[in-house]
Amino acid sequence: MANGANASPGLSFSRETFAKLTPAPFLHAHLKQNNSVRPNGRSPEEFRQTSINSGSLTHSNGSAVVRCGDTAVVCGVRAEILLASDIPHSPGDDIEDDDLIEEVGLLVPNLEMSTGCSPAHLPGNPPGTLAQSLSYRISSLLHLSNIVNPDDLRIQYTEPKTDEDLPDEGPKQVTKAYWTLYIDILCIALDGNAFDTAWAATIAAFQNTTLPKAWWDPDREMVVCSPRSAEANSLRLNCLPAASTFGVFSTISDSFVLADPDAFEEDLADETVTVVVASSKNRRSSLLSVQKGGGAVVGKYLAAKCILLAEDRRS
Amino acid sequence: MQADRRRLNAPAGGTAPPVFSFAGDEALAKRPIRTRKPDEHRKIFLRTGVVPSASGSAYYEIPPQGTQSEEGSLVPTSSSLKVTCTVHGPRPLPRNASFSPNLLLSTHVKFAPFATRQRRGYVRDASERDLGVHLDTALRGVIIGERWPKSGCEVVITVLEGEEDAWWGDRRGDEKSGGCGMMSVLAGCITVASAALVDAGIDCVDLVSGGVAAVVRDGQSKLEQTVLDPSPAENDVKAACVVAYLQSRDEVTEMWMKGDVGAETEALVDHAVKAAVMTRTVLAEAIKEAVELKLGDPVEPANGAPKGGKGKGKDVDMTG
């Protein structure tokens, strides 16, 4: 704590020592300056650059590896067939398309964090609360955003006309099976903000997913697929949502909103805000969800500011 | 099962993997042929320092051979190997552990659900535990444990993509895993764990590397041949052996052999040692690069890290 004007010799330690001993005052000292800069060199509104690499896994229908600073996540999408006759409580024919995926449970995301990605997440334990809640958040966001078109997941069969049918009735289309997508997200390295990166990996893997052409074979009574990749269909996405997380670090006097917190800042931030912004073909961008918890600092004004930042990032 | 309550489960009723019909498309179902020489290893990619929050880490990959994408088939003809390893340690043992004068090593190997042709579950099964034990044997002989009393070290391996045991077209009924594909995975795990241990700075006697050799039978000519770095999709494997080898001491810390070799056991082990020597050159190269990077320019950003994300912050006055 050197101050040149005073005669008393101040103590001066390295940055790492201060960061370990007094993390909160360390962060505060960085942020309260005029041009505040965080300890990792970013400004409070700056996000980390994301790099995406898709299609690298051979046994998945779609895959992506997303790296956001030091956080790295791998996502693999696998498609398997669920026969309509196996569903215990079949949805009625009049079910809304939007609810079908959720009702039958055709999207199964799971986020696995016990991979040794950070010293706090060592293997050998079943998923803890963080992993479970993140998996559930991803699942509810997928259903909420209607990103997958249920028609892509249906395997239909046109029944041949029998004598009992009325002559002017068209051929009946029956859904014989559904594609179920298993979305397995593995966290390889963790440096804060697992949700954004996991969500980006899911969307990137969906963009990369192709489903083989499938039909119902009435003789063998099973669903058969064609191995030709030329006949496969890629998954159509209705919109491309992007998530942005902000951490709020508050001391007694001030509070600061930090975009894309890393592990050090996440430990110190009590409150977090996650904004998901989507852009679809018709509209430029729309707000999909805002989720906040942990404190009472962020009011309407700050939330609006976060949403604007998220939209900027999305574009 | 308890794990099922904590994860999002498949829809009730169960799902099955898709069945492909190759009627009229037999060209797509052709088995790949080994084009390498019998003592040639596939190209290996090895890199350390991929997980900065761990004490040490490494990533090992055998890229897929070029035959797959040309045919336009959705069913991949052969697999590649992608393994990532993180080392956390030396760390203090938990309170209730008894005193241990040596470093307590614990290994975990886990296959990702999308790692193999059949989807694997999230709960560790017997083959993964078995691999963990083999890896533990291999590393135990190489770590200098007495320098770290009362400490533990965790070696965590995640296999993102694993080799297969046989060519998928052969479908030999219910052949459980544990065949030759597992051995290639084990050899990769040993090499990557060694790189990660060096990255973590844990004292080792020497660099340990894994090598696989197999006796393969050619389908048509019924000739038997010993090859290094077998790919089960390409040949029918009669017997295989994986070793963990220390080159400068000429010691073998772990050996696992499977199949009927007859009188040729020692010859097979020698071939596996030759394969291990080849992997060691790649290992040494990768570690040297990493050390040069660490001692050289520290501001050099690693692959994928943003330019502004991990810059040096400016020093501040801590007052008050």
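What counts, and where the lines are drawn
- Residues numbered from 1 in each chain as written.
- Chains lettered and ligands numbered in written order.
- Predicted model: local features only at pLDDT ≥ 70, side-chain atom pairs only at ≥ 80, totals over all residues.
- Heavy atoms only, no water.
- pLDDT = per-residue confidence, 0-100.
- Contact = heavy atoms within 4.5 Å.
- Pairing = 2+ DSSP bridges.
- Helix = DSSP H or I, 4+ residues; strand = E, 2+ residues; numbered from the N terminus.
- Axes fitted to C-alpha atoms, helices over the stretch in contact; angles between N-to-C directions.
- Parallel < 35°, antiparallel > 145°, perpendicular 65-115°, else oblique.
- Left-handed = near helix turned anticlockwise from the far one by under 90°.
- Nonpolar A, V, L, I, M, F, W, Y, C, P; charged D, E, K, R; others polar.
- Buried area = accessible area lost by both parts, 1.4 Å probe.
- Salt bridge = Lys/Arg side-chain N within 4 Å of Asp/Glu carboxyl O.
- Expected span 1.5 Å × (residues − 1).
- Buried < 20%, exposed > 50% of the residue type's maximum accessible area, 1.4 Å probe, protein only.
- Domains from an automatic or database assignment.
- Polar contact = N/O pair within 3.5 Å; in protein donor to acceptor, adjacent residues only side chain to side chain.
- Phe/Tyr/Trp six-rings, centres within 6.5 Å; stacked < 30°, edge-to-face > 60°.
- Lys NZ or Arg CZ within 6 Å of the ring centre and 35° of its normal.
- Core = buried A, V, L, I, M, F, W, Y, C linked by side-chain atoms within 4.5 Å.

Undergrad: Help me out: how do you make sense of the confidence of the model for chain A in this one?
TA: Interpretation of this model should avoid reading the predicted coordinates in detail wherever pLDDT is low. Scored by pLDDT, chain A has a mean of 80; 83% of the residues are at 70 or more. Note on residues 1-7 of chain A: pLDDT is under 50 here. Beyond four places in sequence and across chains, it has 8 contacts.

Undergrad: Can you help me understand the sheet that holds strand β2 (residues 56-62) of chain B in this one?
TA: Backbone hydrogen bonds are what pair the strands of a sheet, in a parallel or an antiparallel way. All names here are of chain B. Pairing in this open sheet of 5 strands is mixed, and the strands run β1-β2-β3-β5-β4 from one edge to the other. Unpaired on one side and paired on the other, β1 (45-48) and β4 (104-111) mark the two borders of the sheet. Taken over all neighbouring pairs, the strand axes of this sheet differ in orientation by 15° on average, direction set aside. Strand contacts of helix α2 (residues 126-140): β4 and β5 (151-161), with the helix running at about 140° to β4, the strand carrying the most contacts.

Undergrad: I keep staring at the sheet that holds strand β8 (residues 236-246) of chain B and nothing clicks. Help me out?
TA: All names here are of chain B. Taken together, the 4 strands give an open sheet; going across it, the order is β7-β6-β8-β9, and neighbouring strands pair in antiparallel fashion. At either margin of the open sheet sits one strand with a lone partner, and together these are β7 (224-228) and β9 (251-259). In this sheet, adjacent strand axes meet at a mean angle of 15° when their direction is disregarded. Bridge count for β8 against β9 is 8 bridges, and the pairing is antiparallel. Bridging across to β9, Cys-241 finds its partner in Met-257. Contacts from α2 reach β6 (208-217), β8 and β9, with the element oriented near 150° to β9.

Undergrad: Is there a simple way to explain the packing of helix α3 (residues 180-200) of chain B against helix α4 (residues 265-295) of chain B in this structure?
TA: Packed helices, taken two at a time, are described by the angle their axes make and the gap between the axes. Residues and elements named next belong to chain B. Two elements in contact, α3 and α4, have axes separated by 10 Å at closest approach and are oriented at 25°. Relative to α4, the element α3 is oriented roughly parallel. Note that α3 runs across α4; the crossing there is right-handed. Contacts between α3 and α4 involve Thr-191, Ser-194, Ala-195, Val-198 and Asp-199 from the former and Thr-279, Leu-283, Ile-287 and Lys-294 from the latter. Across the contact of α3 with α4, the residue classes tally to 4 nonpolar, 3 polar and 2 charged.

Undergrad: I keep staring at the interface of chain B and chain A and nothing clicks. Help me out?
TA: In many reports, interface size means the accessible area that the parts give up when they come together. Tallying the contact residues gives 65 residues for chain B and 77 residues for chain A. Taken together, the two surfaces of chain B and chain A that pack against each other cover about 6000 Å², and 59% of this comes from carbon and sulfur. A salt bridge links Asp-184 of chain A to Arg-119 of chain B; the nearest nitrogen and oxygen atoms lie 2.7 Å apart. Secondary structure elements with two or more residues in the side of chain B that touches chain A: β3 (81-92) and β5 of chain B. Its residues assigned to classes, the side of chain B that touches chain A comprises 27 nonpolar, 24 polar and 14 charged.

Undergrad: What's the story with α3 of chain B in this structure? I'm lost.
TA: Because each turn of an α-helix spans 3.6 residues, side chains separated by three or four positions in sequence point in the same direction. Residue and element names in this part refer to chain B. A rise of 1.5 Å per residue sets the reference length of α3, with its 21 residues, at 30 Å; its end C-alpha atoms lie 30 Å apart and thus fit the reference within 8%. α3 sits mainly inside the fold: 20 of its 21 residues count as buried. Gly-201 sits one or two residues past α3 and shows a positive phi near 80°.

Undergrad: Is there a simple way to explain the domain arrangement of chain A in this structure?
TA: All names here are of chain A. The domains assigned to chain A are domain 1 (35-160 + 172-238) and domain 2 (239-315). Counting from both sides, the interface comprises 26 residues of domain 1 and, opposite them, 28 residues of domain 2. The junction of domain 1 with domain 2 conceals about 2200 Å² of combined surface from both sides, 53% of it contributed by carbon and sulfur atoms. On the surface where domain 1 and domain 2 come into contact, there are 3 salt bridges. Between Glu-265 and Arg-38 there is a salt bridge, and its shortest N-O distance comes to 2.9 Å. There are 15 residue pairs in polar contact (both at pLDDT 80 or more) connecting domain 1 and domain 2. Those elements that provide at least two residues to the side of domain 1 that touches domain 2 are α4 (129-145) and α6 (194-208). A per-element tally of the side of domain 1 that touches domain 2 places α6 first, with 5 residues. For the side of domain 1 that touches domain 2, the per-class residue count stands at 11 nonpolar, 7 polar and 8 charged.

Undergrad: Before we go on, may I ask you to explain the packing of α2 of chain B against α3 of chain B in this structure?
TA: Residue and element names in this part refer to chain B. Running from N to C, α2 and α3 point in directions that differ by 50°, and their axes come no closer than 10 Å. Between α2 and α3, the angle falls in the class oblique. Relative to α3, the crossing made by α2 is right-handed. Of the residues in α3, those touching α2 at Ser-127, Leu-131, His-134, Leu-135, Ala-138 and Leu-139 are Met-182, Val-185, Leu-186, Cys-189, Ile-190, Ala-193 and Leu-197. Each residue belonging to the contact of α2 with α3 can be placed in one class, and the counts come to 11 nonpolar, 2 polar and no charged.

Undergrad: Just checking my understanding: could you explain the packing of aromatic side chains for this structure?
TA: Each aromatic ring pair is described using two quantities: the centre-to-centre distance and the angle formed by the ring planes. For the structure shown, the criterion picks out 4 aromatic pairs over all chains. Ring geometry for Phe-249 of chain A and Phe-256 of chain A: centres 6.5 Å apart, planes at 20°, overall stacked. An identical accessibility class is assigned to Phe-249 of chain A and Phe-256 of chain A; each is buried. Over the ring of Phe-111 of chain B we find Arg-120 of chain B, and its NZ or CZ is 4.3 Å from the ring centre.

Undergrad: Any chance you could explain the pattern of salt bridges here in plain terms?
TA: Two side chains that carry opposite charge are able to pair once their charged atoms sit near each other. Residue and element names in this part refer to chain B. Tallying each qualifying case throughout the model produces 19 salt bridges over all chains. Here Glu-128 makes a salt bridge to Arg-120, at a shortest N to O gap of 3.5 Å. Taking the relative accessible area as the measure of exposure, Glu-128 reaches 1% and is therefore buried.

Undergrad: Any chance you could explain the pairing of strand β11 (residues 239-250) of chain A here in plain terms?
TA: Remember that side chains alternate between the two faces of the sheet whenever the strand is regular. All names here are of chain A. Of all the 12 residues making up β11, 9 are buried; the element is thus mostly covered by neighbouring parts of the structure. Where β11 lies against strand β12 (residues 255-259), 5 bridges are found, and the strand directions are antiparallel. Within the sheet, the bridge partner assigned to Gly-247 lies in β12 and is Leu-258. Where β11 folds back onto β12 in an antiparallel hairpin, the turn is made up of 4 residues.

Undergrad: Please explain the nonpolar core as it appears in this structure.
TA: Generally speaking, nonpolar side chains in soluble globular proteins are found buried as a group. Judged by nonpolar contacts, the single largest core of 66 residues is most densely connected at Val-87, Val-155 and Ile-157 of chain B. Filtering out sequence-adjacent residues up to four positions away, Val-155 of chain B remains in contact with Cys-85, Thr-86, Val-87, Leu-105, Ser-106, Thr-107, His-108, Leu-139, Ala-193 and Leu-197 of chain B. Counting 53 residues, the second-largest nonpolar core is a separate cluster that includes Leu-141, Ala-177, Val-223 and Val-276 of chain A.

Undergrad: I would appreciate a short explanation of the confidence of the model for chain B in the present structure.
TA: Residues and elements named next belong to chain B. Per-chain confidence: chain B averages 80 in pLDDT, with 78% of residues scoring 70 or above. When the criterion is pLDDT under 50, residues 172-178 qualifies, and its contacts beyond four places in sequence or with other chains add up to 9 contacts. Of the regions scoring below 50 in pLDDT, residues 299-312 engages in 18 contacts with residues more than four places distant in sequence or in other chains.

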